[in-house]
Amino acid sequence: MKGCTKRLGAVLLLGVLGWGYAQKVARSAPDFIPGGAWLSSEPLSIEDLRGKVVLVNVWVYSCYNCTHSLPTLQGWYERFKEQGFEIVGVHTPEFKSDKPLKNVQEALLREGVTWPVIQDNAAATWRAYGNSVWPTFYLVDKRGIVRKVQRGELSSVFSQGIKPLRKALEALLAESP
Amino acid sequence: MNRLQVAALWVGVAIFSWGSAQNEVPPETAETVTVRLVVETEPGVLISRLNPPIVELDDPFRLGDALTATVDGEPYLDDPEFYYARLNPVIWELPVPQGAAPGGYPADIRATFALCSRTQGFCFTDEQTAMTTVQVGGGANETVVVRLRQLER
């Protein structure tokens, strides 16, 4: 009986630890907190995007690792948009020169970014997501839950993150809403 | 003592006085203290040149004043326009105000760095503070080593 109680305790402890770990990733996506303008879109909320798989891309145009990731995102956007995929760029400045709207608009044109982008000049959305580096990618499912977080450049140079993120993206698109 | 002897004596006194003056200890020069900041990075972590580090030292002798420093370094060869591979030491030479009492004076350093990891493909900022003390009155100069963080994946 004593051994049984111990085993039950261990199972419960493991369960709690496992649940806690799962919560680190599987959590409701924080909403976008305006810190400037919305570009290429009307203002959006996570609620507006329910039913879609959303890749929240925390980036800034002056970060090489961020701009080098854009071709990968563009490829996915073209391929999966019709299947209910959306990208939202959260543009969090690193430098003062990253803040003016004009500079961001020029960067979007230059880089060919066509998906919605929100200026996060006060880094409020950055903080809400608990972000720490540029770029970071939060994959949000159709119910608004963050299912995968990927940090670092997605490109031919840093290709290790591409496959798992794409696999997760395709799996989420296949899920029923 | 004839006139010639008197003249010779005066010349002798003059030469002696001049020679003594040359042997005198010069008036004490103003003391300076030096703070030397050494920034260390992990391999693969580069420091942005586009947004150069902001480094400030609290003036130990003027409460509330901060002394900013110009930072330079060795460019990163693959991207020399955009990154430093490492920074040169930052040195502040601080004149000690007259009448400053011997002892330790706090002189804290605050620094903000924009960093990129070439191995992990992301960028981040790192803010650091370091507490230092300069010694007035024959104390040793201070060298502060700041190690920039490397984010773990």
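Quick note: structure is the one above.
None of these values were measured; they are calculated from a predicted model.

Participant: Can you explain the environment of Lys81(A)? Please cite residues and give values.
Facilitator: All names here are of chain A. Relative to the helices and strands, Lys81 is located in the loop between helix H3 (70–80) and strand E4 (85–91). Judged by its relative accessible area of 34%, Lys81 falls in the partly exposed class. Sequence separation between Lys81 and Lys52 is 29 residues; the distance between their C-alpha atoms is 9.4 Å. Apart from residues no more than four positions distant in its own chain, Lys81 is found in contact with Trp76 and Glu86.

Participant: Kindly report on the nonpolar core, identifying the contributing residues and their values.
Facilitator: Residues and elements named next belong to chain A. The biggest cluster of nonpolar side chains holds 53 residues, and the ones touching the most others in it are Phe32, Leu55, Leu73, Trp76 and Phe85. The element best represented in this core is strand E3 (residues 53–59), accounting for six residues. Those residues in contact with Leu73 that sit more than four places away from it in its chain are Leu55, Asn57, Ile87, Trp115, Phe137 and Leu154.

Participant: Which residues make up the interface of chain A and chain B, and what values go with them?
Facilitator: Contact with chain A, which involves 15 residues of that partner, is made by 19 residues of chain B. Of all residues in chain A, Tyr64(A), Phe95(A) and Arg151(A) give up the largest surface area on contact with chain B, accounting jointly for 39% of the area buried on that side. Joining chain A to chain B, the criterion identifies zero salt bridges. Our count for the contact surface shared by chain A and chain B stands at three residue pairs in polar contact (both at pLDDT 80 or more). Of all elements in the fold, only helix H2 (64–67) and strand E7 (145–151) of chain A reach the threshold of two or more residues within the side of chain A that touches chain B. Classifying every residue of the side of chain A that touches chain B by side-chain character gives seven nonpolar, five polar and three charged.

Participant: Pulling in residues and values, what's your account of the state of the cysteines?
Facilitator: Two cysteines, two sulfur atoms, one covalent bond between them: this is a disulfide. Residue and element names in this part refer to chain B. Per the stated rule, a full pass over the model turns up one disulfide over all chains. The residue that forms a disulfide with Cys116 is Cys123, at a sulfur-sulfur distance of 2.2 Å. An S-S torsion of about 100° defines the bridge between Cys116 and Cys123 as right-handed.

Participant: Kindly report on the pattern of salt bridges, identifying the contributing residues and their values.
Facilitator: Side chains that carry opposite charge are capable of pairing whenever their charged atoms lie near each other. Residues and elements named next belong to chain A. All chains considered together, the criterion is met by eleven salt bridges over all chains. The closest approach of N and O atoms between Lys102 and Glu106, which form a salt bridge, is 3.1 Å. Taken together, the residues span about one helical turn, with Lys102 and Glu106 both in helix H4 (residues 101–111) at a distance of four residues. You can call Lys102 exposed: its relative accessible area is 53%. Ionic pairing is found between Arg166 and Glu170, a salt bridge with its closest N-O pair at 2.9 Å. One end of the pair, Arg166, and the other, Glu170, are both in helix H6 (residues 162–174), four residues apart, so they sit about a helical turn from each other. Looking at Arg166, the relative accessible area reads 26%, which means it is partly exposed.

Rules used throughout
Residues numbered from 1 in each chain as written. Chains lettered and ligands numbered in written order. Predicted model: local features only at pLDDT ≥ 70, side-chain atom pairs only at ≥ 80, totals over all residues. Heavy atoms only, no water. Helix = DSSP H or I, 4+ residues; strand = E, 2+ residues; numbered from the N terminus. Buried < 20%, exposed > 50% of the residue type's maximum accessible area, 1.4 Å probe, protein only. Contact = heavy atoms within 4.5 Å. Core = buried A, V, L, I, M, F, W, Y, C linked by side-chain atoms within 4.5 Å. Buried area = accessible area lost by both parts, 1.4 Å probe. Salt bridge = Lys/Arg side-chain N within 4 Å of Asp/Glu carboxyl O. Polar contact = N/O pair within 3.5 Å; in protein donor to acceptor, adjacent residues only side chain to side chain. Nonpolar A, V, L, I, M, F, W, Y, C, P; charged D, E, K, R; others polar. Disulfide = S-S within 2.5 Å.

Everything listed here is a matter of geometry and, on its own, says nothing about what the molecule does.
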